[in-house]
Amino acid sequence: MLHLALGLQELHRHGFIHRDIKPDNLFLKKGKDGELVLVIGDMGLTRSVDQQQQNGYYNSTFGHFLYSSPDTAAGRVSAKGDMW
């Protein structure tokens, strides 16, 4: 979970929101030192905040509804929804 939180923090720090965090989009891979590392995949729905932001939200719903935050399900997509 720490690797996921750090990965999302880095994504958000660069101004992007993933919008589809779910188990199917998380992968374990061996790093250079042989240690397992969590990788966030399927960046197809990822958008920059500057690209589509209106009033602090995307105003569109994407991703799988079983893993969406209440805000995301209501169409108010923000970095908080990735952390949900």
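K.L.:
Give me the lowdown on the overall build of the protein chain, citing residues and values where you can.
P.N.:
Scanning the protein chain for helices and strands turns up four helices and four strands. When the helices and strands of the protein chain are listed from N to C terminus, the series reads α-β-β-β-β-α-α-α. The buried share of the protein chain, taken over its 84 residues, is 31%. Considering only residue pairs separated by 6 or more positions, the protein chain has 47% of its internal contacts joining residues 24 or more positions apart. As presented, the protein chain carries roughly 5700 Å² of accessible surface, and 56% of it is formed by carbon and sulfur atoms.

K.L.:
Could you give an account of the environment of D42, with specific residues and numbers?
P.N.:
By the element assignment, D42 lies in the loop between β3 (36-40) and β4 (47-48). Sequence-distant contacts of D42, that is, excluding residues within four places in its chain, are made with H18, D20 and N25.

K.L.:
I'd like a rundown of unusual backbone geometry, residues and numbers included.
P.N.:
Within the chain, R19 stands out as a residue other than glycine whose phi angle is a positive 75°. Within the secondary structure, R19 sits in the loop between β1 (16-17) and β2 (26-30).

K.L.:
Any details on the environment of K29? Residues and values, ideally.
P.N.:
On the secondary structure map, K29 appears in strand β2. Considered as a pair, K29 and V39 are 10 residues apart in the sequence and their alpha carbons are 6.9 Å apart.

K.L.:
Account for the pairing of β3, with residues named and values stated.
P.N.:
Judged from the five bridges that link them, β2 and β3 form a sheet pairing that is antiparallel. Across the sheet, the residue bridging to L26 is I40, located in β3. Taken together, β2 and the strand that follows it, β3, pair antiparallel across an intervening segment of five residues, in which G34 is found at a positive phi of about 90°.

K.L.:
If you had to explain helix α1 (residues 2-13) to someone new, which residues and values would you point to?
P.N.:
Compared with an ideal rise of 1.5 Å per residue, which puts 12 residues at 16 Å, α1 spans 16 Å between its outermost C-alpha atoms and is within 8% of the ideal. Among the residues of α1, L4, L8, L11 and H12 are the ones counted as buried. Burial along α1 is one-sided: seen end-on, the buried residues are contained in an arc of 95°. Relative to its buried face, α1 has exposed residues pointing more than 90 degrees away, namely L2, Q9 and R13. Along its buried surface, α1 packs onto β1, β2, β3 and α4 (79-83). Looking at the residues trailing α1, positive phi occurs at G15, about 90°.

K.L.:
Just give me the short version of the pattern of salt bridges, but keep the residues and values in it.
P.N.:
Following the criterion strictly, the structure yields two salt bridges and no others. E10 is paired through a salt bridge with R13; the nearest N and O atoms lie 2.7 Å apart. With E10 and R13 both in helix α1 and three residues apart, this pair spans about one turn of that helix. E10 gets classed as partly exposed once you look at its relative accessible area, which sits at 36%. Note that K22 and D20 form a salt bridge whose closest N and O atoms lie 3.7 Å from each other.

Analysis parameters
- Residues numbered from 1 in each chain as written.
- Predicted model: local features only at pLDDT ≥ 70, side-chain atom pairs only at ≥ 80, totals over all residues.
- Heavy atoms only, no water.
- Helix = DSSP H or I, 4+ residues; strand = E, 2+ residues; numbered from the N terminus.
- Buried < 20%, exposed > 50% of the residue type's maximum accessible area, 1.4 Å probe, protein only.
- Contact = heavy atoms within 4.5 Å.
- Areas by Shrake-Rupley, 256 points an atom, 1.4 Å probe, with all protein chains shown as cover.
- Pairing = 2+ DSSP bridges.
- Expected span 1.5 Å × (residues − 1).
- Arc of directions from axis to C-beta.
- Salt bridge = Lys/Arg side-chain N within 4 Å of Asp/Glu carboxyl O.

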